[in-house]
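# A structural walkthrough
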Amino acid sequence: MGLNEIRERIAVAERAADRPAGAVQLIAVSKVQPLERVEAVLEAGHRVFGENRVQEAQGKWPDFKERFEGVELHLIGPLQTNKARAALELFDVIHSLDRPKLAATLARLAQETGTCPPLFIQVNTGEEAQKAGILPADLDGFVAEARAMDLPVQGLMCIPPVEEEPALHFALLAKMAARNGLAGLSMGMSSDFERAIALGATHVRVGSAIFGARDYS
């Protein structure tokens, strides 16, 4: 499919939703992608990328950041507390604030270093036992706790259950964000980003539709 087609589909979805051009930021999810594919997207002018793991990003992005100006790196996967310091050094935005212990760790590091990237709280909208994230019933209290720690919470993120209609989860996330005065909505992936845009997504996370299928072998 490729980068240009995804950009065009985002623009069409913005217009269909009566939203301003550029209202939605495309995060090109480069996890487990060969360096040459990532470099091709950089050469095409794209600068906003998403990675799932701190260690993989550490091996990939310092060199690219030296070679290409204006790269913005988003952590969209789970963050272990023992990797939090490295994440603050490498990533420009973190989408996976998903538990009180991580919030406390990030707040402590922010006090030590004097800086913290914008944060999205991951919400487990499907209440799936195997999935990380704050449960919807606990979200309002967790937002208040994070704000009390002076954490820069910008929005909410979700990954809907595979077998359920994603629009129901996107609508729920948008409702919770509005209730808490949060402008950012990180939702929508390769198969459903247009529905996410219709429901207010500010960030969509698209990987395979840009880079091609991942090879996990």
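Notes on the structure in this doc start here.

## Some words on the packing of aromatic side chains
According to the stated counting rule, one finds three aromatic pairs in the structure shown. Connected via pairs of aromatic rings, a cluster forms that spans Phe49, Trp61, Phe64 and Phe68.

## Some words on the layout of surface pockets
If you add up the space inside the largest pocket, you get close to 550 Å³. Residue lining of the largest pocket: 23 residues in total, with Lys31, Asn52, Ile76, Ile159 and Met189 positioned closest to the centre. In terms of residue class, the lining of the largest pocket is made up of nine nonpolar, seven polar and seven charged. Estimates place the volume of the second largest pocket at around 160 Å³. In terms of lining residues, the second largest pocket is bounded by Ile159, Pro160, Pro161, Val162, Glu164, Pro166, Met189, Ser191, Asp192 and Arg195. The residue inventory of the lining of the second largest pocket, partitioned by class, reads six nonpolar, one polar and three charged.

## Some thoughts on the pattern of salt bridges
Taken as a whole, this structure holds 13 salt bridges when the rule is applied. Across the pair glutamate 39 and arginine 67 runs a salt bridge, and its minimum N-O distance is 2.3 Å. In this pair, glutamate 39 is assigned in helix α2 (residues 35–43) and arginine 67 in helix α3 (residues 54–67), connecting sequence segments 28 residues apart. Judged by its relative accessible area of 23%, glutamate 39 falls in the partly exposed class. In this structure, arginine 99 engages aspartate 98 in a salt bridge whose closest nitrogen and oxygen atoms are separated by 2.6 Å. Residue arginine 99 is classed as partly exposed on the basis of its relative accessible area, which comes to 25%. Residue classification places aspartate 98 among the buried residues on the basis of a relative accessible area of 9%.

## Here we look at α3
Here α3 is 14 residues long and its end C-alpha atoms lie 20 Å apart, about the 20 Å a rise of 1.5 Å per residue gives. At tryptophan 61, α3 shows its maximal kink, close to 40°; a proline, proline 62, follows between one and four residues later. Residues Val54, Ala57, Lys60, Trp61 and Phe64 constitute the buried set of α3.

About the thresholds
- Residues numbered from 1 in each chain as written.
- Predicted model: local features only at pLDDT ≥ 70, side-chain atom pairs only at ≥ 80, totals over all residues.
- Heavy atoms only, no water.
- Phe/Tyr/Trp six-rings, centres within 6.5 Å; stacked < 30°, edge-to-face > 60°.
- 1 Å grid on protein atoms, 1.4 Å probe; cavity = no way out; pocket = protein on both sides within 12 Å on 5 of 7 lines; lining within 4 Å.
- Points joined across faces, edges and corners; volume = space filled by probe spheres on them.
- Nonpolar A, V, L, I, M, F, W, Y, C, P; charged D, E, K, R; others polar.
- Salt bridge = Lys/Arg side-chain N within 4 Å of Asp/Glu carboxyl O.
- Helix = DSSP H or I, 4+ residues; strand = E, 2+ residues; numbered from the N terminus.
- Buried < 20%, exposed > 50% of the residue type's maximum accessible area, 1.4 Å probe, protein only.
- Expected span 1.5 Å × (residues − 1).
- Bend = angle between axes of the 7 residues up to and from the residue.

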